[in-house]
Amino acid sequence: MSGNETGRAGERLLSLRGISKKFGAVSALTDIELDVHAGEVVALVGDNGAGKSTLVKVLAGVHQPTAGTVEFMGREVTLDSPAAALNLGIATVFQDLALCENLDVVANLFLGHEMNPWQLDEVQMEVRAWTLLRELAARIPSVREPVASLSGGQRQTVAIARSLLLSPKVIMLDEPTAALGVAQTAEVLNLIERVRDRGLGVIIISHNMEDVRAVADRIVVLRLGRNNGVFTPDASNHELVAAITGATENAVSRRESRKAAEVTE
Amino acid sequence: MSNQPQKPLAPKALDRADERVRNDDSIAGALRGFLDRVRSGDLGILPVAVGLVVISVVFSMLNPVFLAPNNLVNLLFDCATVGVISLGIVCVLMLGEIDLSVGSMSGLASAMVGVLWVNMGWPIPVAIGAALIAGAVIGFIYATLYTRLGMPSFIATLAGLLAILGMQLYILGPTGSINLPYASPLVRFGQLMVMPAWFSHAVALLPGIVLLLTGLGTAARRRAAGLTAQPMSLLLIKAGVLTAALEFAVWYLNLGRGVPWMFGLFALLVVVLQYALTRTKWGRSLFAVGGNREAARRSGINVRRIYYSAFMLCSTLAALGGVLAAARLASSSQQAGTGDVNLNAIAAAVIGGTSLFGGRGSAWAALLGIIVIQAISNGLTLLNLSSSLRYMITGGVLAIAVIVDSLARQSRVTHGRG
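Residues numbered from 1 in each chain as written. Chains lettered and ligands numbered in written order. Predicted model: local features only at pLDDT ≥ 70, side-chain atom pairs only at ≥ 80, totals over all residues. Heavy atoms only, no water.

**With respect to the domain arrangement of chain B**
Residues and elements named next belong to chain B. The line we're drawing: In this entry, domain limits derive from an automatic or database-based domain assignment. Any two residues having at least one pair of non-hydrogen atoms within 4.5 Å are treated as being in contact. The term buried area denotes the loss of accessible surface (1.4 Å probe radius) that occurs when two parts are joined, taken as the sum for both partners. The working definition used for a salt bridge is a side-chain nitrogen of Lys or Arg within 4 Å of a carboxyl oxygen of Asp or Glu. In protein, a polar contact means a hydrogen-donor-capable atom and an acceptor-capable atom, both N or O and within 3.5 Å, with residues adjacent in sequence counting only if both atoms are side-chain atoms; elsewhere, any N or O pair within 3.5 Å suffices. Helix numbers and strand numbers start at the N terminus; a helix is a DSSP run of H or I with at least 4 residues, a strand a run of E with at least 2.
Under the domain assignment, chain B is made up of domain 1 (47-55 + 62-193 + 260-407) and domain 2 (195-258). A straight line from the C-alpha centre of domain 1 to that of domain 2 covers 28 Å. Taken together, the contacts link 14 residues of domain 1 with nine residues of domain 2. Roughly 920 Å² is buried in total at the junction of domain 1 and domain 2, and carbon and sulfur atoms are behind 64% of that figure. The largest contributions to the domain 1 side of the interface with domain 2 come from Pro-69, Val-73 and Trp-261, which together make up 48% of the buried area. Run the count over domain 1 and domain 2 and you get zero salt bridges. Inspection of the domain 1/domain 2 interface yields four residue pairs in polar contact (both at pLDDT 80 or more). When contributions to the side of domain 1 that touches domain 2 are tallied by element, the ones reaching two or more residues are helix H3 (69-94) and helix H10 (261-279). In terms of residue count, the dominant contributor to the side of domain 1 that touches domain 2 is H3 (seven residues).

Listed below in structure tokens is the structure:
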């Protein structure tokens, strides 16, 4: 979270054109278009299996797309490894967090980017870790315990802290609030806004429509691996759910109308 | 972050802000922390220490020669050869992989030294260099098989075990054995050369001094950065105990022939590897890949390069161990590196506390583990037991060590210590 002024607000940071990803016969993503601007929070929503996590992994360099181009800061880039994505300035908080349980919090935060490679600067790294965790209002009892001893929420915080360590330009959060308590969820949402105000582009995946509406500037809906509409946060729940499930008549709307009927009775 | 506003305290250190953490700052606290770690399965060097005491008591009761200074000097000579091989094993075990061919590799290196130096008349350093390069090349092949072709290291190195043994027999030719000249520096290094008494005492002072100085330096930097530091008293006690123990050991060994230079070389390699594992980015990456390979990859670590470095280091150290073994035995023979060398090297690493499951271990493990293994082997030899019994007993000890490792791992998982 060190000072990182990313150009003018509104500059297009990331732009995906026709991204497709096939796993054998399965098309996980087909012709995905996505733009992320500086100082903008883009929410990716969609049902289970809509391709959200696959898209994130493509951008993180974990999977390589079968077709399509990725432009970053106006240049076409190849994200052929996680290191390439990190070096460009695309940081990711994965759904499975990707932490090494045998290492302590400090080691995990700095993994792959240790200070002073030939004589690790443990003191500076620990100070930096505490400052970063404080900024996130994290409740981590000790940064010298193995990550295995932390709770789910604490691990989530560590993963988020790690993504911010490298002063990225775009940060992607895959279900960042799924494992968090009420206070931490609010903290993460605050944090997303703070990061956005600094001019970073944020991509957030969430199933929680309340969280999405609270922070997103645009809501991009994926369905069965394809773009299925872009909405603003003031779009009605009904519209969003319809786009996500692909039908105006769906389980959610049926449940709502049933509830409404019960109330009127 | 304090929840007790009614007690305005001095600003707390960054790492003491959470009131849920017990602060083990005192000596009693350090002791309590140690007991907690042991209970949760983080055994450290405890099994080795207990094992060494038991072994010493049992063998010295059976044959008092066991603890005689000169026998211990011999023991250290023997430790150095397999110990160096075991250091390499620590590197691959750290990744959760294995190299089963280190015995054959050491045999090939010993044969190469014999053939190149004695038979072909190459200078000793060049012959040794060639043997080490052969080790690096074989490690490179294993890493390629593993990372590019996805061949499990277990199988790749098992195949290597046989192939390298074949190479060893091939280059030794029909005679099968080459004697190295006794007067040569290499053989004298492996059999006779010991440090002068004053020098060994001076060297024994070093670890304590280094511990104290780095400890003080770290403590000062931590305080300056607003973190808590280890109390001075604890540091002094640690350094004092370490120095006293080492000086006593050196004094006792000097009652006999003295401290072997070859053991000094081994100890130096242990220190270098320990530094590399704990204080460099490479070592941190090794732990990370062993703990969670995918997480390491996603954090930008070049996982493939880490595998290459570990396998190459392992085979190269195995080759060095083979050279030392040739020096120790003053011969390169078909028997070099066969028998229990492989298993002893692996057992030493595991007994010392390197996990077979990856992500845990230290260079000390190889040092302590090999002393246990060689003590058993030496004690059994003194009792004139046949090698059949020796194998059975060493096998039993290895099994116990692996059981302790598995149980400790289960306990660590339930106590959330990875």
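**Description of the UniProt feature "domain: ABC transporter" (unreviewed entry) in chain A**
For the record, the criterion: UniProt positions are given in the numbering used here, feature names are shortened, and annotations may be inferred rather than shown by experiment.
The residues that UniProt annotates with the feature "domain: ABC transporter" (unreviewed entry) are residues 14-249 of chain A. Secondary structure over residues 14-249 of chain A splits into 34% helix and 27% strand, and the C-alpha atoms at its two ends are 35 Å apart.

**Brief notes about the nonpolar core**
Test applied: Throughout, nonpolar core names a set of buried Ala, Val, Leu, Ile, Met, Phe, Trp, Tyr and Cys residues whose side chains join them through atoms within 4.5 Å. Burial status follows relative accessibility: with a 1.4 Å probe on protein chains alone, a residue under 20% of its type maximum counts as buried, one over 50% as exposed, and anything between as partly exposed.
Among the nonpolar cores identified, the biggest contains 137 residues, and Leu-14 and Ile-203 of chain A together with Leu-186 and Phe-266 of chain B are the most heavily contacted of them. By residue number, the principal contributor to this core is H3 of chain B, which donates 17 residues. Composition of this core by domain shows at least three residues from each of domain 1 (47-55 + 62-193 + 260-407) and domain 2 (195-258) of chain B. With near-sequence residues (within four places) excluded, Phe-266 of chain B lies in contact with Cys-79, Ala-80, Gly-83, Val-84, Leu-87, Ala-366, Leu-367 and Ile-370 of chain B. Grouped together as the second largest cluster of nonpolar side chains are 54 residues, Leu-97, Ala-138, Ala-159 and Leu-191 of chain A included.

**Examining the interface of chain A and chain B**
Under the convention used in this document: Gly is placed with the polar residues, together with every amino acid not listed as nonpolar (Ala, Val, Leu, Ile, Met, Phe, Trp, Tyr, Cys and Pro) or charged (Asp, Glu, Lys and Arg).
Residue-level contacts link 42 residues of chain A with 36 residues of chain B. Of the roughly 3500 Å² buried between chain A and chain B, counting both surfaces, carbon and sulfur atoms make up 56%. Looking only at chain A, the three residues that lose the most surface to chain B are Asn-102, Val-123 and Arg-139 of chain A, adding up to 17% of its buried area. Counting the contacts that link chain A with chain B gives four salt bridges. Where chain A packs against chain B, one counts 13 residue pairs in polar contact (both at pLDDT 80 or more). Of all the secondary-structure elements, those providing two or more residues to the side of chain A that touches chain B are helix H2 (82-88), helix H4 (122-135) and helix H5 (152-165) of chain A. The greatest single-element share of the side of chain A that touches chain B, amounting to eight residues, is contributed by H4 of chain A. Split by residue class, the side of chain A that touches chain B holds 23 nonpolar, eight polar and 11 charged.

**Description of helix H9 (residues 232-255) of chain B**
Residue and element names in this part refer to chain B. Inclusion rule: Expected helix span is taken as 1.5 Å per residue step, with the number of steps being one fewer than the number of residues.
With 24 residues, H9 ought to run about 34 Å at 1.5 Å a step, and its terminal C-alpha atoms sit 35 Å apart, in line with that. Those residues of H9 lying buried are Leu-234, Leu-235, Ala-239, Thr-243, Glu-247, Val-250 and Leu-253. Along its buried surface, H9 packs onto helix H1 (27-39), H3 and helix H8 (197-224).

**Quick look at the sheet that holds strand E6 (residues 90-93) of chain A**
Residue and element names in this part refer to chain A. Threshold: We call two strands paired when DSSP finds no fewer than two bridges between them. To obtain an axis, a line is fitted to C-alpha atoms, over the contacting stretch when the element is a helix, and the angle between two such axes runs from 0 to 180 degrees between their N-to-C directions.
Taken in spatial order, the six strands of this open sheet run E6-E7-E8-E3-E9-E10, and their pairing is mixed. Pairing within the sheet leaves two strands with one partner each, and these edge strands are E6 and strand E10 (226-231). Sheet twist, expressed as the average angle between the axes of neighbouring strands with direction ignored, equals 20°. Pairing between strand E9 (residues 218-223) and E10: four bridges, direction antiparallel. Across the sheet, residue Val-220 finds its bridge partner in E10, namely Val-230. Helix-sheet contacts for helix H1 (residues 52-59) involve strand E3 (40-45), E6, strand E7 (170-174), strand E8 (201-205) and E9, and the interaxial angle to E8 is about 145°.

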